[in-house]
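Single-letter residue listing:
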Amino acid sequence: MQGRVVLVTGASGGLGTYVTQAFLDAGTTVIGTSRRIQQSDFSSPSFIALPAEISSREGAHALVDQVLARFGRLDVLAHTVGGFAGGQSIADTDDATFQRMFELNLNSVFHILRATIPALRQTGNGRIIAIGSRAALEPGPGVGAYSASKAAMVSLIKTVALENKDAGLTANVILPGTMDTPANRKSTANADFSKWVRPATVASLIAWLAGDAGRDINGALIPVYGSDV
């Protein structure tokens, strides 16, 4: 993995911090992005913080232009940006919640894919790994907007996998169950956290998929459900 340039979206988030560190430990150069990321968030000299807003085409392209201007290449996109809303039936879901879920979970990945794919194709062995959700395949009551947005994201990534295999570019989705992050613990105080998915596990899988060992995995939906099955 040494010498590769990795872009991690949501790099300062509950999962993104683990993903960023996993790639730094693997010897890559990591560009970490989020709205408020800072250089001091990681101590490694191989880490570069680039605050960005990828919820628009312009923001995503501006970010990737900075990466290419500085490093001349991009080898891996690890997309961890997302959001959750639940508690309402489909009949009771308001327009704002539905649109917000699609903005966070679908539109952001659409914009960053369009910006990064040309550069990733040029390397001959580019990698895209995105974080979906178990709910994309197994929707439950009260999370209809979230589940639909994640399912649409899965479809988008699978399409990218088919469209770019000619260039050696792979695209895969990890489908975690509930992850053991500070935000999830705060919102579900009485849960058995030991059954939740550890972020470090997902981060290790992402790094593996980005390496040589993962080159034959393409268009896969990889469940990581923890022991709460």
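On a predicted model such as this, the values are computed, not experimentally measured, just so you know.

J.: So, the overall build of the chain: which residues are in play, and what are the values?
T.: Looking only at helices and strands, one finds six helices and seven strands in the chain. Moving toward the C terminus, one meets the helices and strands of the chain in the order β-α-β-β-α-β-α-β-α-β-α-α-β. Judged by the C-alpha coordinates and their principal axes, the chain covers about 50 × 35 × 35 Å. For the chain, long-range pairs separated by at least 24 residues make up 68% of all intrachain contacts whose partners lie at least 6 apart in sequence.

J.: Before we move on, could you go through the packing of helix α1 (residues 16-25) against helix α6 (residues 199-210) and cite the residues and values that matter?
T.: At a minimum axis separation of 8 Å, α1 and α6 run at an interaxial angle of 45°. By the angle class used here, α1 and α6 are oblique. Here the hand of the crossing between α1 and α6 comes out right-handed. Together, Y18, V19, A22 and F23 of α1 and P199, A200, A203, I206, A207 and A210 of α6 make up the contact between the two elements.

J.: Any details on the nonpolar core? Residues and values, ideally.
T.: Residues I112, L113, I128 and I157 are the most contacted members of the largest nonpolar core, which totals 35 residues. For this core, the element with the highest residue contribution is helix α3 (residues 95-123), accounting for nine residues. With residues up to four places along the chain from it excluded, the contact list for L113 reads L77, I128, L156, I157 and V160. Listed in part, the 29 residues of the second largest apolar core include L15, V76, M179 and V202.

Procedures and definitions
Residues numbered from 1 in each chain as written. Predicted model: local features only at pLDDT ≥ 70, side-chain atom pairs only at ≥ 80, totals over all residues. Heavy atoms only, no water. Helix = DSSP H or I, 4+ residues; strand = E, 2+ residues; numbered from the N terminus. Contact = heavy atoms within 4.5 Å. Axes fitted to C-alpha atoms, helices over the stretch in contact; angles between N-to-C directions. Parallel < 35°, antiparallel > 145°, perpendicular 65-115°, else oblique. Left-handed = near helix turned anticlockwise from the far one by under 90°. Core = buried A, V, L, I, M, F, W, Y, C linked by side-chain atoms within 4.5 Å. Buried < 20%, exposed > 50% of the residue type's maximum accessible area, 1.4 Å probe, protein only.

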